[in-house]
Amino acid sequence: MKYWNPYLETLPRKELDRIEFSYFKSILSYAKAHSLLYREKLKDITPNDMKTFDDIKKIPLTDKEELRRYQDIDPYPYGGILGVDIQEVTTFRQTSGTTGKPVYVPETYESWQWRIEAWCHILYMAGFRPHHRVFLPFGYNVYVAFWEAHYASEKLGCELIPGGALDTKGRIHKIIETRANAMMNTPTYGLHIAGEAKNMDINPKSLGIERMLCAGEPMPEATRKRLEDLFGCHVFDHIGGTEPCGWGGMCEEKQGLHIIEPFFLVEILDRETLSRDVEEGETGVVVVTPLGRRSFPLIRFNTKDLVVKGKDSCLCGRTSKKIKEVVGRTDDLRKIRGVLFSPKTVEELIRNEFQEIVEYEIVVERKGMMDDITIRTEVAPDFSGKEIDQVKVRLRENLKVKTNLSFHVQMEPPGSLPRYTLKAKRFKDMREIEKK
Ligand SMILES: [Zn+2]
């Protein structure tokens, strides 16, 4: 079968809109009645006054800071974001807290099953089937993503191998031992496994991975293709987050991501005013309302993810809306010498055209009145002096064309730059640190 849920995935557009609108009104009423956050936030909003999608735009957005603030009150640790009696909560999860105090996420058995079902759409769309033996190369701890992946794989009928508490070498041996043929990982960790396998004289292709679902970081098309080449497998992307759940995934056409409808109402808003839906091909900020979760109702959550809006049709036959590309996070976009800069542009360039570069790092500093941008790069050890100089010149020229910025290009000795195993932090804006 081609679809996980043939009925929902091929519903006519109008029907999907009708269902989503009615779900939205229900969750809005529910949130107002059951969560302190929304009782206060929506005091001037009457759910029954919502007649069209335009009316939804009158409801204020919710951001992470508000969630943190409402968690400071009882009942501990979820506070005023809780939408059910705390006795109903059956599992604790939290955000990573890399941008501040973590948000604690309460799930009831029902809401957790709802998340898993949304994830089944993502996995099935990426071609995961019962004959797949899926290796998950992480310890999941208190974080959401790989637990969702774990349970959704089981629900799909795949065989799941939890690969926590091992180092990368141990994981590679486990993949070989169990003959795993599918994997889920961050793009950074995928590249790391391939590199480590090569160090062990193992061709990553010989590991026998057929399918890989990536998560956790924006994945430029060039990185996706690089992983496909390295492992000789199909690589798919998906997008989501701890608070809103996984809300989009790539189908086998590999042309952008489908929004998982009608589980989520996803708006893509222009980033200046956050009030207008962008047109196809335009970049906007993603605002998500999960439509079926009562434990932690979330209305118009500002994910701060930046995406390009895609076409609303796909050769796979699914009728859900699509996004063309994930650009990054609004937090990652910086103004450097007055030019808007996205670190993803550099990653795309390097993965596409500079196979000889094995690692890099971008550093922005303030020198006097000017911003100064440097890329530190490490090339593979088999390149010599003259070749390295050529890479340096070519990289500087290409960066100028792609970003409109002049970079200092610095070559570093092999092994000197940090290696990342989960999510990469290759962009360092020292101007902010200097300010503090
Ligand atoms: Zn499709």
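Residues numbered from 1 in each chain as written. Predicted model: local features only at pLDDT ≥ 70, side-chain atom pairs only at ≥ 80, totals over all residues. Heavy atoms only, no water.

**Description of the sheet that holds strand β11 (residues 283–290)**
Here is step 1: Strands sit in the order β4-β3-β5-β6-β7-β8-β9-β13-β12-β11-β10 across an open sheet of eleven strands; the sheet is mixed. One side of each edge strand has no neighbouring strand; the edge strands of this open sheet are β4 (159–162) and β10 (264–269). Adjacent strand axes in the sheet meet at a mean angle of 40 degrees, parallel and antiparallel pairs treated alike.
Here is step 2: Across four bridges, the pairing between strand β6 (residues 211–214) and strand β7 (residues 234–241) is parallel. Across the sheet, the residue bridging to Met212 is Val235, located in β7.
Here is step 3: Across the face of the sheet, helix α6 (residues 109–125) comes into contact with β5 (182–185), β6, β7, β8 (245–249), β9 (257–259), β10 and β11 while running at roughly 25 degrees to β8. (Pairing = 2+ DSSP bridges. Helix = DSSP H or I, 4+ residues; strand = E, 2+ residues; numbered from the N terminus. Axes fitted to C-alpha atoms, helices over the stretch in contact; angles between N-to-C directions. Contact = heavy atoms within 4.5 Å.)

**Some words on the packing of aromatic side chains**
Here is step 1: All told, the structure shown has 13 aromatic pairs when counted by the stated rule.
Here is step 2: Where Tyr78 meets Phe92, the ring centres are 6.4 Å apart and the plane angle is 45 degrees; that geometry is what we call tilted. With a gap of 14 residues between them, Tyr78 in the loop between α5 (64–70) and β1 (89–94) and Phe92 in strand β1 connect regions that are remote in the sequence.
Here is step 3: Ring geometry for Phe92 against Tyr104: centres 5.5 Å apart, planes inclined by 35 degrees, an arrangement best described as tilted. A residue pair is termed long-range when its members are at least 10 positions apart, and Phe92 in strand β1 and Tyr104 in strand β2 (residues 104–108) qualify at twelve residues.
Here is step 4: When its relative accessible area of 31% is taken as the criterion, Phe92 is described as partly exposed.
Here is step 5: Look at Tyr104 and you get buried, because its relative accessible area is 18%.
Here is step 6: Counting every residue linked through ring pairs, the aromatic cluster contains Trp112, Tyr140, Trp147 and Tyr151.
Here is step 7: Above the plane of the ring of Tyr124 lies Arg129, whose end atom (NZ or CZ) is 3.5 Å from the centre. (Phe/Tyr/Trp six-rings, centres within 6.5 Å; stacked < 30°, edge-to-face > 60°. Buried < 20%, exposed > 50% of the residue type's maximum accessible area, 1.4 Å probe, protein only. Lys NZ or Arg CZ within 6 Å of the ring centre and 35° of its normal.)

**Things to note about the nonpolar core**
Here is step 1: Counting 74 residues, the largest nonpolar core has Phe128, Met184, Leu213, Phe231, Trp247, Phe264 and Ile323 as its most contacted members.
Here is step 2: It is α6 that provides the largest number of residues to this core, a total of ten residues.
Here is step 3: Beyond its immediate sequence surroundings of up to four residues, Ile323 is in contact with Ile239, Trp247, Gly256, Leu257, Ile259, Ile268, Val307, Val308, Lys309 and Gly310.
Here is step 4: If you look at the next biggest cluster of nonpolar residues, it comprises 23 residues, including Leu42, Leu67, Leu265 and Phe296. (Core = buried A, V, L, I, M, F, W, Y, C linked by side-chain atoms within 4.5 Å.)

**Some words on the pattern of salt bridges**
Here is step 1: Evaluated as defined, the whole model comprises 42 salt bridges.
Here is step 2: Note that Lys57 is salt-bridged to Glu267, the shortest N-O span being 2.8 Å. Of this pair, Lys57 sits in the loop between α4 (53–56) and α5 while Glu267 sits in strand β10, and the two are 210 residues apart along the sequence.
Here is step 3: Among the salt bridges present, the one from Arg276 reaches Glu282, with a minimum N-O distance of 2.9 Å.
Here is step 4: Residue class for Glu282 comes out partly exposed when judged on its relative accessible area of 27%.
Here is step 5: Each of Glu221, Arg224, Lys225, Glu228 and Lys254 takes part in salt bridges that share partners, so that together they form one network. (Salt bridge = Lys/Arg side-chain N within 4 Å of Asp/Glu carboxyl O.)

**Let's talk about the domain arrangement of the protein**
Here is step 1: Under the domain assignment used here, the protein contains domain 1 (1–330) and domain 2 (334–435).
Here is step 2: Relative placement of domain 1 and domain 2: their C-alpha centres are 30 Å apart.
Here is step 3: Facing 19 residues of domain 1, the contacting portion of domain 2 comprises 14 residues.
Here is step 4: Roughly 1400 Å² is buried in total at the junction of domain 1 and domain 2, and carbon and sulfur atoms are behind 55% of that figure.
Here is step 5: At the junction of domain 1 with domain 2, the criterion picks out one salt bridge.
Here is step 6: One salt bridge in this structure joins Lys344 and Glu325, with 2.9 Å as the shortest N-O distance.
Here is step 7: Put simply, domain 1 and domain 2 have six residue pairs in polar contact (both at pLDDT 80 or more) between them.
Here is step 8: Where the side of domain 1 that touches domain 2 is concerned, the elements lending two or more residues are α9 (187–199), α10 (221–231) and β13 (322–329).
Here is step 9: Of the residues assigned to the side of domain 1 that touches domain 2, the class counts are nine nonpolar, five polar and five charged. (Domains from an automatic or database assignment. Buried area = accessible area lost by both parts, 1.4 Å probe. Polar contact = N/O pair within 3.5 Å; in protein donor to acceptor, adjacent residues only side chain to side chain. Nonpolar A, V, L, I, M, F, W, Y, C, P; charged D, E, K, R; others polar.)

**Examining the pairing of β11**
Here is step 1: Counting buried residues along β11, seven of its eight residues qualify, which places the element largely inside the surrounding structure.
Here is step 2: Relative to β11, β10 runs antiparallel, the two sharing six bridges. In the strand pairing of β11, Leu265 is matched with Thr289.
Here is step 3: Where β11 and strand β12 (residues 301–309) come together, five bridges link them in antiparallel fashion.

**Observations regarding helix α7 (residues 145–156)**
Here is step 1: The terminal C-alpha atoms of α7, which comprises twelve residues, lie 16 Å apart, in line with the 16 Å expected from a rise of 1.5 Å per residue.
Here is step 2: Taken as a whole, α7 has its buried residues at Phe146, Glu148, Ala149, His150, Ala152, Ser153 and Leu156.
Here is step 3: Structurally, α7 contributes buried residues whose contacts are with α6, β3 (133–136), β4, β5 and β8.
Here is step 4: Gly157 occupies a position one or two residues after α7 and carries a positive phi of about 100 degrees. (Expected span 1.5 Å × (residues − 1).)

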